[in-house]
Amino acid sequence: MAELIPPGKFKPAMEVPHSFGELAPTPARPMTSVLVQPNPFEAKHVELGIPAGWNVREIVRHSGFPAIYDDHVRVWVNDEEIPREMWSRVKPKQGVNLYVRVTPQGGGGGGGGGGGGTAAGNKKKRKGGILGTILMVVVTVVVAFVAPYLAGFLFTAGTIGFKVAAAVIGIGLTMVGGLLVQSLIKPPKNTPTQQADQGQPISQRALLTGVQNRFEPYAFIPRVVGTRRLYPLLAARPYTEAVGPNRYVRALLCVGWGPLAISDIRIGDTPISAFGNIEIQTREGWATGHSAFGAFPGGTVVDAAQTLFTNSVTEESFTALLDTGIGVSRLTRTDTSEVSLDVVFPQGLAFYDEQGQRTELTVQIYCEYRVVGGSFTPIIWDGPSVADGTQTNGYLTCTDKSGAASIFGGTFRTPGPGQYEVRLTRTTAAGPTARHVDRAEFSALRSVRYQNPINIPGVALIAVRMRATDQFQGLPDQINCIASSYLPTYNGSSWTYAISNNPAWAYADMMRRRGTTRVIPDSRIDLPTIQAWATGCAATAPNAAEPRWTVNSIYEGGSIFTG
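We now turn to the structure provided with this report.

Reading the values: rules and limits
Residues numbered from 1 in each chain as written. Predicted model: local features only at pLDDT ≥ 70, side-chain atom pairs only at ≥ 80, totals over all residues. Heavy atoms only, no water. Helix = DSSP H or I, 4+ residues; strand = E, 2+ residues; numbered from the N terminus. Buried < 20%, exposed > 50% of the residue type's maximum accessible area, 1.4 Å probe, protein only. Contact = heavy atoms within 4.5 Å. Areas by Shrake-Rupley, 256 points an atom, 1.4 Å probe, with all protein chains shown as cover. Patch = residues over 30% accessible without salt bridge, like charges linked within 9 Å, V, L, I, M, F, W, Y side chains within 5 Å. Salt bridge = Lys/Arg side-chain N within 4 Å of Asp/Glu carboxyl O. Pairing = 2+ DSSP bridges. Polar contact = N/O pair within 3.5 Å; in protein donor to acceptor, adjacent residues only side chain to side chain. Axes fitted to C-alpha atoms, helices over the stretch in contact; angles between N-to-C directions. Core = buried A, V, L, I, M, F, W, Y, C linked by side-chain atoms within 4.5 Å.

What about the overall build of the chain?
Step number 1: Each helix and strand in the chain was counted, giving five helices and 35 strands.
Step number 2: Counting only residues that meet the buried cut, the chain has 41% of its 563 residues in that class.
Step number 3: Of all intrachain contacts in the chain linking residues separated by at least 6 positions in sequence, the fraction that spans at least 24 positions is 72%.
Step number 4: Counting every atom, the chain has about 28700 Å² of accessible surface; 56% of that belongs to carbon and sulfur.

See below:
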């Protein structure tokens, strides 16, 4: 029998007969490499091979961790952490994902964010936290008396040398005291969190797709089956860029293994369309390899590479004065696909009347570009904005009445990767009197190369570029969406992808493939039984006008870091 077990549960929701044909077994596939992260403060990892038959303790022993980390090594097999006392008894099977890392740990359980574990375990955590706090208070008090006493042997009290020495000695004693406290207070164990609605323990790492976008390079890429709302993981670190007076944020999110239909993107509870100056690119995760498992829906093609998020942005800064009628040119980097530029008015931009009051002043700058050696053409701004001065293509129209530095600028896309010359020419004459403050400088040029940080096929992505100025404080970390799985469905002779939450098709899909890699050939699967099971699941339930059986879950496997 085969069992369908929802995530976070231990009891099967359904049992069905095995659907494997009675053919000769295929040879065991090679074991998955071990991902070892030897440094707790770096994302760098090492891949090691696992000789067959080794237990977890032997694997850890040969992973090359310094002896100082012995008490902080943790091991996961797939998404299940292996307790240290079980290391000698657990021998990973072929084909599993093994992950070994050092985890920084401290005393006490921290505030009220845990919510998991037993009452006894939580009590022990609270005791450790209280004791650690008391000991640190004692250390602070002792340092306050001892540091000046020791400094008195080196300098006369009240001198600058005495004060500096006391401060340095105090810092050193505080660090030593903190290390001693940490060595006395045993770090708390990472207990499973209790699932709020069912009381069943679930993995801490399964909560990574909780209610926040996090950058977790070793986290499992989720696999959505059916339809679920989720907070995607960050596929790369977000970054900000300055365009004129505004700041923009770019982020790339990994929704899961594709293909997935992505809809209803929100930031918190607010539809993302309600925010201004936001660009979005979605990729459902269609790859060439998916065609081996079924026909694509009508009109569906393999995803093009996303171009909104890149890991290659180069900025050059300068102070090139813009005089009336004189063009100032600068070159981008090679292979540039997108350009942004800034013009600064370092003393501000304003006209001062006879009473010393500032009034608005406008300066217009003609903006053009060309492939090196080609002919100039006016710049077509990407997302015109009055605040940025890009409301008219080919011009920066800078209007302000500020006595402080004013910045204007915009972004434009090039016809294709290449090196481009950008030329700015001031068309507005400089003010005739000292009351006209309008000195303009070409101050920055950014060259953007489209380089996708995710290099594995078949992953569903959301790329966003949004104006942070006047909209967000820091980086928005609550971007969420609804994801629905495309599953291959069988009609008795062929497979076709369709959005589905039928347990039978989900079961068949997991047997047939992992991403775009085939796991079990169709010749070893009892397809008529699977088809009959799918028909039974799709039948109308006796007490509701909906299918009898559905599945809407998130599973995990693979890693963003490997991608």
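So that's the structure; there's more coming.
A closer look at a nonpolar patch on the surface
Step number 1: There is a patch of nonpolar side chains on the surface, built from Y149, L150, F153, L154 and F155 and spanning about 560 Å² of accessible area.
Step number 2: Summarising the element assignment, L150 is placed in helix α2 (residues 119-151).

Brief notes about the pairing of strand β29 (residues 441-449)
Step number 1: Of all nine residues making up β29, eight are buried, and the element is well covered by its neighbours.
Step number 2: With eight bridges joining them, strand β18 (residues 312-321) and β29 adopt antiparallel strand pairing. Across the sheet, residue S317 finds its bridge partner in β29, namely A444.
Step number 3: In terms of strand pairing, strand β20 (residues 336-345) meets β29 through seven bridges, oriented antiparallel. Within β29, the position partnered with E338 by the bridge is V448.

Here's the deal with the pattern of salt bridges
Step number 1: In total, this model carries 19 salt bridges according to the counting rule given.
Step number 2: When the shortest N-O distance is used, the salt bridge between R413 and E338 registers 3.1 Å. Placement of the pair is R413 in strand β26 (residues 406-418) and E338 in strand β20, with a sequence separation of 75 residues.
Step number 3: The class of R413 is partly exposed, set by a relative accessible area of 30%.
Step number 4: Of the charged contacts in the structure, one is a salt bridge between E441 and R439, with a shortest N-O distance of 2.9 Å.
Step number 5: The class of E441 is buried, set by a relative accessible area of 9%.
Step number 6: When salt bridges with common partners are traced through the structure, they connect R250, E279, E338, D382, R413 and R465 into a single cluster.

Description of the side chain of S485
Step number 1: With respect to the helices and strands, the residue S485 is situated in strand β31 (residues 479-490).
Step number 2: Within the local environment of S485, its side chain forms a polar contact with the backbone nitrogen of G226, the two atoms lying 2.8 Å apart.
Step number 3: Engagement of the side chain of S485 in a polar contact is seen with the backbone oxygen of S500, the distance being 3.1 Å.

Focus: the sheet that holds β20
The strands making up a sheet associate through hydrogen bonds between their backbones, and the pairing can be parallel or antiparallel.
Step number 1: Strands sit in the order β18-β29-β20-β26 across an open sheet of four strands; the sheet is antiparallel. Both edges of this open sheet fall to β18 and β26, since each of them pairs with a single strand only. Sheet twist, expressed as the mean angle between neighbouring strand axes with direction ignored, is 15°.

Overview of unusual backbone geometry
Step number 1: In the segment running from G258 into P259, the intervening peptide bond is cis, with an omega of 0°.
Step number 2: Assignment of secondary structure puts P259 in the loop between β14 (246-257) and β15 (260-267).
Step number 3: The backbone phi angle of D264 is positive, close to 50°, even though this residue is not glycine.
Step number 4: Mapping D264 onto the fold places it in strand β15.
Step number 5: Positive phi, normally seen in glycine, also occurs at D335, with a value near 60°.

Section: the environment of G348
Step number 1: Here G348 shows up in the loop between β20 and β21 (350-352).
Step number 2: Look at G348 and you get buried, because its relative accessible area is 0%.
Step number 3: Considering only alpha carbons, one finds G348 and G403, 55 residues apart in sequence, at a separation of 4.6 Å.
Step number 4: Sequence-distant contacts of G348, that is, excluding residues within four places in its chain, are made with S402, G403, A404, A405, S406, V437 and D438.

Considerations on the sheet that holds strand β28 (residues 436-437)
Step number 1: Overall, antiparallel pairing links the three strands, which are arranged β22-β21-β28 in an open sheet. Each edge of the sheet is formed by a strand with only one pairing partner; in this case those strands are β22 (358-359) and β28.
Step number 2: Here β21 pairs with β28 via two bridges, running antiparallel. Note on β28: the bridge partner recorded for A350 is V437.

Focus: the nonpolar core
Side chains of a nonpolar character, in soluble globular proteins, are inclined to be buried together.
Step number 1: Ranked by size, the top nonpolar core spans 26 residues in total, and within it L341, I365, V422, L424 and F442 carry the most contacts.
Step number 2: The greatest single-element share of this core, amounting to five residues, is contributed by strand β23 (residues 361-371).
Step number 3: Residues within four places of I365 in sequence aside, it is in contact with L322, V343, G394, Y395, L396, C398, L424, T425, R426 and T427.
Step number 4: Core analysis: the next-biggest nonpolar cluster, separate from the first, contains 24 residues, I272, I462, M466 and F472 among them.

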